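# Residue-level structure breakdown
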Amino acid sequence: MPRGGAPVTSAIELRGIVKRFPGVVANSNIDLELRHGEVHALLGENGAGKSTLMSVLAGIYQPDAGSILIDGEPIALRSPRDAIQAGIAMVHQHFRLVKPFTVAENVLLGARTSWLLSPGRLEAEVADLAQQAGLKASPSARIWQLSVGEQQRVEILKALYRKARVLILDEPTAVLTPQEAEALFVTLRSMAADGRTVVFVSHKLSEVMSVADRITVLRGGKHVGTLETASTDEHRLAHLMVGRDIAFESARAPGEAGEIVLRVDDLHALSDLGLPAVRGASLSVRAGEILGLAGVAGNGQRELAEALAGTRPPTRGRIELYGADLTRASARRRIEAGLAYVPEDRLGTGLVGAMDATANVMLKSLSKHRRGPLLDYRSAARRTKDLVEQFGIKMSSLDAPVRLMSGGNLQKLLLARELSSSPRVVIAAHPTAGLDVGATEAVHELLLEQRASGVGILLISEDLDELLMLSDRIAVMYEGEIAGEVSADDADLERIGLMMGGTGADAPPMAAGGG
Amino acid sequence: MSSELIITIFVAGIAAGTTLVFAAVGEIIAERSGVLNLGVEGMMLAGAVTGFLVNRQVRAPWLGVAAGISAGATLALLLAVLVVSFKANQVVTGLALVIFAIGMTGYLGESVVGVPPPVTFNRIALPGLSDIPVLGRIFFVQDALVYLSYVLVPATWWILFRTRTGLNLRSVGESPETADAAGLSVTGTRYAAVVIGGAFAGLAGAYLSLARAPSWVPNMTAGRGWIAIALVIFATWSPLRAALGGYLFGSVEALGFRLQTVGLEVSTFFIAMMPYLFTIVVLVLISRGSVQRRLAAPSALGNAYLREER
């Protein structure tokens, strides 16, 4: 693949972009130059300002200061329509697709074609480009019928249809298996080879190194450097991104796994739509070990976690905690039996956003804070204060609604509440999703401490690096079943990736596209 | 019951249902764009009183209808300003608008309560079509506004599902972010949808005071706007099914009155209650989980859209 051979002409220049949100400067005086025919990676931690900057370029946000130049000409992008007309298309992290519409309808939405819609013609119009975008699904398929990877291809197809010369992809691989990501990289490289500019937003070092020609690193809303991929490496990028060196090795101390504390046998459960989501999952967690559960989002992980926590009735199978059958037990009985649950949506099922920290801490242990028929708010406040100090949670006041807290502190509060009840089994679903490096490390430490003290932990995560770092064993969930399990010591990413993509654990490994 | 009686019930059912059909189709247009217009009842009242007053002044029922449509659209424009531009809560705003309209129309129509209108819409038998056995008598011996509904309902369906305008409108109701990113105007589309929906509600009201029961009585819509909103769910946001449902509900209403004429000793209050009872039954039936999942409510229904939200 030709690298660095692309002509050095600027397609887009961003100069001194400033964007403020109430209480935070998301972009502070950022310069960025994008060239024709390059894949340009925008690297940074959560909250570094990558998405904000790209939303400015896509006309969604108006910058508070700074200018944008296209082919040397200043241009004002007041709306997404302006950006589309200027040839800039963005594939958002949350796809901008109308789910009940067909692929063709989504592609043609907002484009200038005839007023009358005759279904056959719409589909014929997009069929050729669909091939080019690597979309295998029929243009008459409805979006909700497609896999996440295919939906992403529809977004790329939309950009191609609008003759975009600049394609921005915001964290495009977050929802993909490693193999799907490889295939996406091939498509992106071929788009760059056609002279288009591809902006690849990511916080994953290895991906950025494998797909980009040049890499711009943002940190805390500031531009900290633009590097040629050929003349840098992951450690240097990591240093720029985080502002210090980060450890890549496993953080896990060797430990003795004890007896089986949680046993799940042939569990079945339905999704919110009433379709089978967990379809015969079996697994077991021992005392003092972390079982990592990998898988692409939407393969039944959430439903499994909820079935274990007691908020989703299993339709079949068996759940045992310390040998006791809890399959039909209420959530309250499971808590009393020593089960702690850290759900994936902190402010949805985890904490009540409008209530203060004390009330949230009290929620799961109301019986402990009682004075006659009344609540003993004072003892609960004391306990909360202790937890806040012990876990290093930052908050303006104990009486403030918790929704005002940052994601990292919310997660710490949630963990503090769950872990302070001295659980014997912890189910943690995506505990570090959306957290910055510091908060992530704190959460990791908390989980490892629990492991060291003999708690059995089921860690559900989409971040393979995290799973490899923390888990003793890694199980992979695919379409509601456990597709396979590997020991973390001899885990190899390719095998896990194949299982995540539905290729059985025993199938011969196929060559990943491109390489 | 004789077949003659059944035909009479359906003839009256179509007429009674037409009010509901106009209002429900208007509500579908608004809701398909993502705006829950709970002010339908108020917009119908505005259409009814305005239509009646104008007809009384100029002695031209069509001008009355036009005035009623404008009144509904104007009130809807107010709703759009509040919920689309100022992002006020759609439920509270809609309710407030109804209460406002009840008072306002009562005041405006004070002098004409019980006054007979100079001219009204009369039934016209459509030549040819009215000769079709049974169906001809039910569907084609009606007034001009009923015939107008025969045109507007399929036209609305066709625009919603077979034209770019409809695709854009539906995308705004399903996923305003997507519509915005595709360069469509979420605000403009919602304004248009709400105002057109209000125009339909105004037409529904004018139909009541000029054709169905030619007169003005305070609060004469008597909750039909709410039935229309329930009908939208019953019809799963399709104008064609809304027409079907409207005629069904209308027939229930007509049935009640016929029961009296055949000598059944039933309280008028009981009869007046029937369509509403039917509405509750229908709402309970379609609100069951299993049915709910299959319903195609616009995803963004009831939510204001703010581009720079984070």
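Bear in mind the structure is a predicted one, so any value in this text is a computation, not a measurement.

Criteria and thresholds
- Residues numbered from 1 in each chain as written.
- Chains lettered and ligands numbered in written order.
- Predicted model: local features only at pLDDT ≥ 70, side-chain atom pairs only at ≥ 80, totals over all residues.
- Heavy atoms only, no water.
- Helix = DSSP H or I, 4+ residues; strand = E, 2+ residues; numbered from the N terminus.
- Rg over C-alpha atoms; globule rule 2.2 N^0.38 Å.
- Buried < 20%, exposed > 50% of the residue type's maximum accessible area, 1.4 Å probe, protein only.
- Contact = heavy atoms within 4.5 Å.
- Areas by Shrake-Rupley, 256 points an atom, 1.4 Å probe, with all protein chains shown as cover.
- Lys, Arg positive; Asp, Glu negative; His and termini not counted.
- Charge placed at Lys NZ, Arg CZ, Asp CG, Glu CD.
- Phe/Tyr/Trp six-rings, centres within 6.5 Å; stacked < 30°, edge-to-face > 60°.
- Lys NZ or Arg CZ within 6 Å of the ring centre and 35° of its normal.
- Buried area = accessible area lost by both parts, 1.4 Å probe.
- Salt bridge = Lys/Arg side-chain N within 4 Å of Asp/Glu carboxyl O.
- Polar contact = N/O pair within 3.5 Å; in protein donor to acceptor, adjacent residues only side chain to side chain.
- Nonpolar A, V, L, I, M, F, W, Y, C, P; charged D, E, K, R; others polar.
- Pairing = 2+ DSSP bridges.
- Axes fitted to C-alpha atoms, helices over the stretch in contact; angles between N-to-C directions.
- Patch = residues over 30% accessible without salt bridge, like charges linked within 9 Å, V, L, I, M, F, W, Y side chains within 5 Å.
- pLDDT = per-residue confidence, 0-100.
- Parallel < 35°, antiparallel > 145°, perpendicular 65-115°, else oblique.
- Left-handed = near helix turned anticlockwise from the far one by under 90°.

### Focus on the overall build of chain A
A count of helices and strands for chain A gives 17 helices and 22 strands. Whereas a compact globule of 515 residues would reach a radius of gyration of roughly 24 Å, chain A reaches 24 Å, a difference of no more than 12%. Taken along the three principal axes of its C-alpha coordinates, chain A extends 70 × 50 × 50 Å. Expressed as a percentage of the 515 residues in chain A, the buried residues total 53%. In chain A, 66% of the contacts between residues at least 6 apart in sequence involve partners at least 24 apart. When the accessible surface of chain A is split by element, carbon and sulfur atoms take 51% of a total near 22,300 Å². Treating the 56 positive side-chain charges of chain A as one cloud and the 63 negative ones as another, the clouds have centres 6 Å apart.

### Looking at the packing of aromatic side chains
The full count for this structure, using the stated rule, is 12 aromatic pairs over all chains. Each ring, one from phenylalanine 139 of chain B and one from phenylalanine 140 of chain B, has its centre 6.4 Å from the other, and the planes form 50°; the classification is tilted. Look at phenylalanine 139 of chain B and you get partly exposed, because its relative accessible area is 27%. For the ring pair phenylalanine 234 of chain B and phenylalanine 249 of chain B, a centre distance of 5.9 Å and an interplane angle of 65° mean the geometry is edge-to-face. Placement of phenylalanine 234 of chain B in helix H10 (residues 224–234) and of phenylalanine 249 of chain B in helix H11 (residues 239–261) is noted, with a sequence separation of 15 residues between them. The exposure class assigned to phenylalanine 234 of chain B is partly exposed, which follows from its relative accessible area of 28%. Ring pairs connect the aromatic residues Phe139, Phe140, Tyr147, Tyr150 and Tyr247 of chain B, which therefore count as one cluster. Taking the ring centre of phenylalanine 21 of chain A as reference, the NZ or CZ of lysine 19 of chain A above it sits at 5.3 Å.

### Looking at the environment of alanine 307 of chain A
All names here are of chain A. Its place among the elements puts alanine 307 in helix H9 (residues 301–309). Alanine 307 sits in the buried class, given a relative accessible area of 0%. Taking C-alpha positions, alanine 307 is 32 Å from alanine 381, a pair spaced 74 residues apart along the chain. Contacts of alanine 307, omitting those with residues within four sequence positions, involve Leu267, Ala269, Arg312, Ile319 and Arg334.

### Details of the interface of chain A and chain B
Contacts between the two partners involve 34 residues from chain A, matched on the other side by 24 residues from chain B. Summed over both sides, the interface of chain A with chain B buries roughly 2,400 Å², with 60% coming from carbon and sulfur. Together, Leu109, Trp115 and Leu117 of chain A form the three largest contributors to the area buried by chain A at its contact with chain B, with a combined 26%. For the pair chain A and chain B, the number of links is zero salt bridges. Connecting chain A to chain B are eight residue pairs in polar contact (both at pLDDT 80 or more). Of all the secondary structure elements, the ones that give two or more residues to the side of chain A that touches chain B are strand S1 (10–21), helix H2 (80–85) and helix H3 (103–108) of chain A. Its residues assigned to classes, the side of chain A that touches chain B comprises 17 nonpolar, nine polar and eight charged.

### A closer look at the pattern of salt bridges
Residue and element names in this part refer to chain A. Counting across every chain of the model gives 27 salt bridges over all chains. Note that arginine 318 is salt-bridged to aspartate 325, the shortest N-O span being 3.2 Å. Between arginine 451 and aspartate 472 there is a salt bridge; the shortest N-O distance is 2.8 Å. With a gap of 21 residues between them, arginine 451 in helix H15 (residues 437–452) and aspartate 472 in the loop between helix H16 (464–470) and strand S21 (473–478) connect regions that are remote in the sequence. Aspartate 472 shares its class with arginine 451; the two are buried.

### Some details on the sheet that holds strand S16 (residues 339–342) of chain A
All names here are of chain A. In spatial order, the strands read S16-S19-S20-S13-S21-S22; together these six strands make up an open sheet with mixed pairing. Across the chains shown, the open sheet's two edge strands, defined by having one partner strand only, are S16 and strand S22 (481–487). Each strand of the sheet is rotated relative to its neighbour by a mean of 20°, with strand direction disregarded. Across four bridges, strand S13 (residues 290–294) lies against strand S20 (residues 456–460) in parallel orientation. By the bridge assignment, isoleucine 290 is partnered in S20 with isoleucine 457. Packing of H15 onto the sheet brings it into contact with S13, strand S19 (425–429) and S20, and relative to S20 it is tilted by some 150°.

### Points about a nonpolar patch on the surface
Residues and elements named next belong to chain B. Residues Leu78, Leu82, Phe86, Phe100, Met104, Tyr107 and Leu108 make up a contiguous nonpolar surface patch of roughly 700 Å² in combined accessible area. Of all the elements in the fold, those that place two or more residues in the nonpolar patch are helix H3 (61–85) and helix H4 (90–108). The element contributing the most residues to the nonpolar patch is H4, with four residues. Positionally, methionine 104 belongs in helix H4. Since its relative accessible area comes to 37%, methionine 104 is described here as partly exposed.

### Description of the confidence of the model for chain B
Per-residue confidence for chain B gives a mean pLDDT of 90, with 95% of residues at or over 70. Both scores are given for the predicted complex: the pTM is 0.75, the ipTM 0.84.

### Describing the packing of helix H2 (residues 40–58) of chain B against helix H9 (residues 186–212) of chain B
All names here are of chain B. The contact between H2 and H9 brings their axes to 6 Å, and the two run at 50°. Regarding the angle of H2 to H9, the classification is oblique. At the point where H2 passes H9, the crossing takes the right-handed sense. Here Val40, Met43, Met44, Gly47, Ala48, Gly51, Phe52 and Asn55 of H2 lie close against H9, whose contacting residues are Gly198, Ala201, Gly202, Ala204, Gly205, Ala206, Ser209 and Leu210. Of the residues assigned to the contact of H2 with H9, the class counts are nine nonpolar, seven polar and no charged.

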